[in-house]
Amino acid sequence: DLNMENYELKDIGSTCGIFVGIVHSEDASILNCHSNGSLIRTSELSQDVWGGGIIGGTMRDSTNTGTYEINATIYRCSSNLDFRVSDNSIPTTFNVGSGGIAGFNNFGCNLYVYDCYALMRQTFVVSKAIAGFYSGAMVALSVIGKDQSMGGMTNFSNCVGKVVNDLTQAKNGLWFHGGITT
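Rules behind the numbers
- Residues numbered from 1 in each chain as written.
- Predicted model: local features only at pLDDT ≥ 70, side-chain atom pairs only at ≥ 80, totals over all residues.
- Heavy atoms only, no water.
- Helix = DSSP H or I, 4+ residues; strand = E, 2+ residues; numbered from the N terminus.
- Contact = heavy atoms within 4.5 Å.
- Pairing = 2+ DSSP bridges.
- Axes fitted to C-alpha atoms, helices over the stretch in contact; angles between N-to-C directions.
- pLDDT = per-residue confidence, 0-100.
- Salt bridge = Lys/Arg side-chain N within 4 Å of Asp/Glu carboxyl O.
- Core = buried A, V, L, I, M, F, W, Y, C linked by side-chain atoms within 4.5 Å.
- Buried < 20%, exposed > 50% of the residue type's maximum accessible area, 1.4 Å probe, protein only.
- Phe/Tyr/Trp six-rings, centres within 6.5 Å; stacked < 30°, edge-to-face > 60°.

Along the chain, Asn-110 falls in strand β12 (residues 109-114). If we ignore the near neighbours within four places in the chain, the residues touching Asn-110 are Glu-69, Ile-70, Asn-71, Ala-72, Asn-105, Gly-152 and Met-153.

So this is what it looks like as structure tokens:
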């Protein structure tokens, strides 16, 4: 059990989660954790931006060449996340995404989200079109499937979430939004 109240993380890097940045381990469990606060990027960092109210994302690292799958379980957690990005240096081939619980779930990773609640507000100020803006009440992007025989899955049960977007200052045509994940 852990609570993070009224946090404000500024000038976040490419992947930021309140409790864990990126899950690389074979088995990770985050239980009964709750966050309430803001992830903010206002500096010009020329990189992707992914944020999550509990974890930034799941990813195999370069040393894991298929010996084990990444398994992350998030259980009875909640997040009230304000995600704000104002960065005009993001390259046009890059992405911005936020999820109330996790920023992304990558190939070869299994993410289990059970009995969670998330309220996410996101504001993007980007002056040029980029590859994509992603948002999901639970997970912004689930990149799963049989890419290079890596598999992976995202599983949800008894979750409730809401996303409130302010995209009026984001010059983009590619928006990917999902009530749970995209």
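Read across the open sheet, the five strands follow the order β1-β5-β9-β13-β17; overall the sheet is parallel. The open sheet has two edge strands, β1 (2-10) and β17 (160-170), and neither has a second partner. Here the average twist between neighbouring strands, direction ignored, is 5°. The pairing of strand β5 (residues 33-41) with strand β9 (residues 78-86) spans eight bridges and is parallel. Residue pairing in the sheet places Asn-36 in a bridge with Asn-80 of β9.

Another point: the confidence of the model for the protein. For the protein, the mean per-residue pLDDT works out to 86, and 90% of the residues sit at or above 70. At the low end of the mean pLDDT range in the protein sits strand β18 (residues 175-178), at 76; at the high end sits β5, at 95.

Moving on, we come to the pattern of salt bridges. Counted by the stated rule, this structure contains three salt bridges. The residue Asp-115 makes a salt bridge to Arg-76 at a minimum N-O spacing of 3.8 Å. Of this pair, Asp-115 sits in the loop between β12 and β13 (117-126) while Arg-76 sits in the loop between β8 (70-75) and β9; the two residues are 39 residues apart in sequence, bridging distant segments of the chain. With its nearest N and O atoms 3.0 Å apart, the salt bridge here joins Asp-82 to Arg-84.

Turning to the nonpolar core, a few remarks are in order. One finds Ile-55, Ile-74, Ile-101, Leu-111, Cys-116 and Met-138 to be the most contacted residues of the largest nonpolar core, which totals 20 residues. Those elements that place two or more of their residues in this core are β4 (27-31), β8 and β12. Counting 18 residues, the second-largest nonpolar core is a separate cluster that includes Val-85, Val-96, Phe-124 and Val-126.

Along the chain, the position of Val-163 falls in strand β17. Judged by its relative accessible area of 25%, Val-163 is partly exposed. Apart from residues lying up to four places away in sequence, Val-163 is in contact with Met-120, Gln-122, Ser-135, Gly-136 and Ala-137.

Let us now look at the packing of aromatic side chains. Under the counting rule described, the total for this entry stands at five aromatic pairs. On the basis of an interplanar angle of 35° and a centroid distance of 6.3 Å, the ring pair of Tyr-112 and Tyr-114 is categorised as tilted. Ring geometry for Phe-124 against Phe-133: centres 4.8 Å apart, planes inclined by 20°, an arrangement best described as stacked. Of the two residues examined, Phe-124 and Phe-133, each falls in the buried class. Taken together, the ring pairs in this structure connect Trp-50, Phe-104 and Tyr-134 into an aromatic cluster.

In terms of backbone geometry, most residues other than glycine have negative phi values and most peptide bonds are trans. Located in the positive-phi region is Asn-6, a residue other than glycine, with phi close to 55°. Position of Asn-6 among the secondary structure elements: in strand β1. Of note, the phi angle at Asp-11 is positive, near 50°, even though the residue is not glycine. Exposure remark for Asp-11: the relative accessible area of 40% places this residue in the partly exposed category.

The subject of this paragraph is the pairing of β9. Remark: a regular strand shows side chains that alternate across the two faces of the sheet. Across nine bridges, the pairing between β9 and β13 is parallel. Residue pairing in the sheet places Val-85 in a bridge with Phe-124 of β13.

Right, let's talk about the pairing of β8 for a bit. Sheet topology note: the β4/β8 ladder contains five bridges and is parallel. Each residue of the ladder has a partner; that of Ala-28, found in β8, is Ala-72. Sheet topology note: the β8/β12 ladder contains six bridges and is parallel. Along β12, the bridge assignment pairs Ala-72 with Leu-111.

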